[in-house]
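Coordinate inspection notes
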Amino acid sequence: MALRRLTVDRTEQITPSIVRITLIGDALEGFSALGPTDHVKVFFPDPATGALTMPELTGDGVRRPTDGVVISRDYTPRQFRPAPFGAAELDIDFVLHAPDGTRIGTVDAAAGGPASAWAAAAHPGDELGVAGPRGSRLAPQDVSDAVLIADETALPAFTRWLDLLPASARITALLDIADEEVEPYLTGEQTQRASVEWLYRSDGPGQLLESVRSLDLAPDVYVWAAGEASALVPVRRYLKHEAALRTDQLDVQGYWRRGVVNLDHHAPVDPTDPD
Ligand SMILES: Cc1cc2nc3c(=O)[nH]c(=O)nc-3n(C[C@H](O)[C@H](O)[C@H](O)COP(=O)(O)OP(=O)(O)OC[C@H]3O[C@@H](n4cnc5c(N)ncnc54)[C@H](O)[C@@H]3O)c2cc1C
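The shown structure was predicted, so the numbers you read here are calculated from the model rather than taken from an experiment.

Now for the nonpolar core. The biggest cluster of nonpolar side chains holds 28 residues, and the ones touching the most others in it are L148, L155, F158, W161, L165, L175 and W224. Sorting the residues of this core by element identifies β10 (145–151), α2 (155–164), β11 (170–177) and β13 (222–228) as the ones contributing at least two each. Split by domain, the residues of this core number at least three in each of domain 1 (3–131) and domain 2 (145–256). Counting residues in each nonpolar core, the second largest holds 24 residues, with L6, V19, I21 and A88 among its members.

What follows is about the site of the ligand. Taken together, the neighbourhood of the ligand is formed by 28 residues, with D74, V95, H97, R257 and N262 sitting nearest. Take R73: an N or O atom from its side chain is 2.9 Å from an oxygen atom of the ligand. Take S116: an N or O atom from its main chain is 3.0 Å from an oxygen atom of the ligand. Elements with a contribution of two residues or more to the shell around the ligand: β6 (71–75), β8 (89–95), α1 (114–121) and β14 (250–256). Residue composition of the shell around the ligand, grouped by class: 13 nonpolar, 10 polar and 5 charged. A domain-level breakdown of the shell around the ligand finds at least three residues from each of domain 1 (3–131) and domain 2 (145–256).

Taken as a whole and judged by the stated rule, the model has 19 salt bridges. As a salt-bridge pair, D275 and R236 come within 2.9 Å of each other at their nearest N and O atoms. Taken as a pair, D275 in the segment after β14 and R236 in helix α5 (residues 229–242) lie far apart in primary sequence, 39 residues in all. Of the residues examined, D275 reaches a relative accessible area of 84% and is grouped as exposed. What makes R236 buried here is its relative accessible area of 4%. A cluster of three or more residues bridged by salt bridges with shared partners is formed by D9, R10, R81, E89 and D91.

Turning to the packing of aromatic side chains, a few remarks are in order. What the rule picks out here adds up to 8 aromatic pairs. With a centroid separation of 4.5 Å and an interplanar angle of 40°, the aromatic rings of Y75 and F94 are classed as tilted. With Y75 in strand β6 and F94 in strand β8, the pair connects residues that are 19 residues apart, well separated along the chain. Across the pair, exposure class does not vary: Y75 and F94 are buried alike. Put simply, the rings of F44, Y75, F94 and W118 touch in pairs and so form one group of aromatic residues.

Once that is clear, we can look at the sheet that holds strand β2 (residues 18–24). Spatially, the 7 strands line up as an open sheet ordered β6-β3-β9-β1-β2-β8-β7, and their pairing is antiparallel. Among the strands making up the open sheet, the edge pair consists of β6 and β7 (77–81). For this sheet, the mean inter-axis angle between neighbouring strands, taken without regard to orientation, is 35°. Both strand β1 (residues 3–15) and strand β9 (residues 127–131) contribute to a ladder of 5 bridges, which runs antiparallel. Residue pairing in the sheet places R4 in a bridge with V130 of β9.

Another point: the pairing of β8. Most of β8 sits out of view: 7 of its 7 residues are buried. Covered by surrounding structure in β8 are E89, D91, D93 and V95 together with L90, I92 and F94, the residues of both alternating faces. In this sheet, β8 lies alongside β2 in antiparallel orientation, the contact comprising 7 bridges. Residue pairing for β8: I18 is matched across the bridge by V95.

The sheet built from 5 strands is open, its strands ordered β12-β11-β10-β13-β14 with parallel pairing. What marks the edges here is a single partner per strand, and that holds for β12 (195–200) and β14. Here the average twist between neighbouring strands, direction ignored, is 10°. Examined bridge by bridge, β10 and β13 share 5 bridges and lie parallel to one another. When the sheet's bridge partners are listed, A150 is paired in β13 with A226. Seen against the sheet, α2 touches β10, β11, β13 and β14 and runs at an angle of roughly 160° to β10.

Much of the literature gives interface size as the accessible area that the parts lose upon coming together. Assigned domains within the protein chain: domain 1 (3–131) and domain 2 (145–256). Placing the centre of domain 1 and that of domain 2 at their C-alpha centroids yields a distance of 25 Å. At the junction of the two partners, domain 1 supplies 19 residues and domain 2 supplies 20 residues. For the pair domain 1 and domain 2, the number of links is 4 residue pairs in polar contact (both at pLDDT 80 or more). Each residue belonging to the side of domain 1 that touches domain 2 can be placed in one class, and the counts come to 9 nonpolar, 7 polar and 3 charged.

Thresholds, definitions, all that
- Residues numbered from 1 in each chain as written.
- Predicted model: local features only at pLDDT ≥ 70, side-chain atom pairs only at ≥ 80, totals over all residues.
- Heavy atoms only, no water.
- Core = buried A, V, L, I, M, F, W, Y, C linked by side-chain atoms within 4.5 Å.
- Buried < 20%, exposed > 50% of the residue type's maximum accessible area, 1.4 Å probe, protein only.
- Helix = DSSP H or I, 4+ residues; strand = E, 2+ residues; numbered from the N terminus.
- Domains from an automatic or database assignment.
- Near = heavy atom within 4 Å.
- Polar contact = N/O pair within 3.5 Å; in protein donor to acceptor, adjacent residues only side chain to side chain.
- Nonpolar A, V, L, I, M, F, W, Y, C, P; charged D, E, K, R; others polar.
- Salt bridge = Lys/Arg side-chain N within 4 Å of Asp/Glu carboxyl O.
- Phe/Tyr/Trp six-rings, centres within 6.5 Å; stacked < 30°, edge-to-face > 60°.
- Pairing = 2+ DSSP bridges.
- Axes fitted to C-alpha atoms, helices over the stretch in contact; angles between N-to-C directions.
- Contact = heavy atoms within 4.5 Å.

Structural data, given as structure tokens:
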């Protein structure tokens, strides 16, 4: 697995709560992310000192540094543009959030976690570390019907699914967002590619489960869901136990969990009912 030190080339506020950071650097040579859910470990500078501390690759594998504070979080490589004759570029889209998870959708990032706070203040020339992806799980190519469920943090992966599923696949999307200000994240073309239902959390809780329950699921449907882990527990329960989807039809991933710092996404979404 490669460990790369990269530099911010530019930032773009895509929606009030999502900022796209474009990274450049010679270290991007050889970068590749071919699967829709590929993710990288992003390393941030210590806010107290400004020092960026990353593990090191040695002949014996990855070694944690003895000095400095290592701060890392998982992110989706939204787009990589290799450039045979210029500078390669990597886009990562960061959701800006408050620390308690209650105000996703408002830009109050100075108070959020270190990743969100870093992204809110990022400027050209700032340094960042990127490790991975560890490997790519390619999008299944035999899917005829797919249901994709995502909150803001999973919108980058959602758009990769749109790009990587076969053109013949019918896609239904349930997008669980703070409010209508997030909608411009998708381009017109992306919105056309799927039958998209936007669900605003500002309208109250419970809509996601209700919408999932009202889906008319094709027998071989493939369902991918990612976002806030606790919100996905009842969704997963319904799809697994009531809709009786097979394990190869269902992939539910917690991308963050309310009240948990740096969620380990390998931990079960529903600890009472692990995979
Ligand atoms: C495979 C994978 C891919 C991911 N891809 C992306 C991506 O492309 N873009 C992206 O923005 N995120 C993505 N995430 C989610 C991101 O890793 C987490 O949101 C991460 O916790 C943010 O770190 P932080 O330092 O800002 O907050 P932390 O220090 O981890 O958490 C501080 C507090 O903020 C809360 N919190 C964390 N994230 C959010 C949030 N989004 N909204 C509201 N409250 C929150 C926590 O519950 C905690 O209380 C991905 C996660 C995984 C596992």
